[in-house]
Amino acid sequence: MVGIALAGKYLFDKDIPFKTDRLGKIKQLVRKWLISILQVSFMFGNGYVVIVAEHAREMDILSNKKVTVSTTALVTDIVVTQGRSGSHLRAQIKYIANGKVILKETPNDDGRLKKGRTYILKYSTTYPEIFDIYRK
């Protein structure tokens, strides 16, 4: 990112006047737009890589049978949250892991989790906040 910003400053330090060199000014504007698009794509690309890596890490932890345990979880409430893409349902669940009561929220847009019902979930003994609800 820093390299792209410095390259942009180096390439566009002198502004070309449109009256004297129209083609040069158009080329300069195209280069500025391309560098801006490259910077934005790097930002969003890095964010995407972080999200994918986090999800893969959670799935890797939950797939290890040696460090996962099953328990029952109670859905204590269903809440509606507002986001940029509209409203979303989230289920608040409560379960006991490693002797501690854990309260977490999980997405429930499909409505499969119902308030007051208990479900089976598996969680990591190392990271009890990482869980997966897999059965009624």
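Residues numbered from 1 in each chain as written. Predicted model: local features only at pLDDT ≥ 70, side-chain atom pairs only at ≥ 80, totals over all residues. Heavy atoms only, no water.

A. Expanded view of the overall build of the protein chain. Along the backbone of the protein chain there are two helices and five strands. Reading the secondary structure of the protein chain in the N-to-C direction produces α-α-β-β-β-β-β. Taking all 136 residues of the protein chain together, 24% fall into the buried category. In the protein chain, the share of contacts with a sequence separation of at least 24, taken over all contacts with a separation of at least 6, comes to 46%. (Helix = DSSP H or I, 4+ residues; strand = E, 2+ residues; numbered from the N terminus. Buried < 20%, exposed > 50% of the residue type's maximum accessible area, 1.4 Å probe, protein only. Contact = heavy atoms within 4.5 Å.)

B. Representation of the pairing of strand β4 (residues 118-124). Most of β4 sits inside the fold, with five of its seven residues counted as buried. Sheet topology places strand β1 (residues 68-83) next to β4; seven bridges connect them, and they run antiparallel. Across the sheet, Thr 68 pairs through a bridge with Ser 124, a residue of β4. (Pairing = 2+ DSSP bridges.)

C. Expanded view of the packing of aromatic side chains. Across all of its chains, the model carries two aromatic pairs by this definition. Look at Tyr 95 and Tyr 123: their rings are 6.0 Å apart centre to centre, the planes differ by 40°, and that puts the pair in the tilted class. With a gap of 28 residues between them, Tyr 95 in strand β2 (residues 86-97) and Tyr 123 in strand β4 connect regions that are remote in the sequence. Among the residues examined, Tyr 123 registers a relative accessible area of 5% and is labelled buried. The aromatic ring of Tyr 127 is capped on one face by Arg 57, whose charged end is 4.9 Å from the ring centroid. (Phe/Tyr/Trp six-rings, centres within 6.5 Å; stacked < 30°, edge-to-face > 60°. Lys NZ or Arg CZ within 6 Å of the ring centre and 35° of its normal.)

D. Structural view of the environment of Gly 111. By the secondary structure assignment, Gly 111 is in the loop between β3 (100-107) and β4. A relative accessible area of 18% places Gly 111 in the buried class. For the pair Gly 111 and Ile 78, spaced 33 residues apart in sequence, the C-alpha separation works out to 9.4 Å.

E. Representation of the pairing of β1. The pairing of β1 with β2 spans 10 bridges and is antiparallel. Bridged to Val 80 within β2 is Leu 89. Following β1, the chain reverses through two residues before pairing antiparallel with β2.

F. Examining unusual backbone geometry more closely. Within the chain, Asn 98 stands out as a residue other than glycine whose phi angle is a positive 55°. Looking at the secondary structure, you find Asn 98 in the loop between β2 and β3.

G. View of the side chain of Thr 106. With respect to the secondary-structure elements, Thr 106 resides in strand β3. When near neighbours in sequence (up to four residues on either side) are disregarded, Thr 106 contacts Leu 89, Arg 90, Ala 91, Ile 93, Leu 113, Phe 131 and Ile 133.

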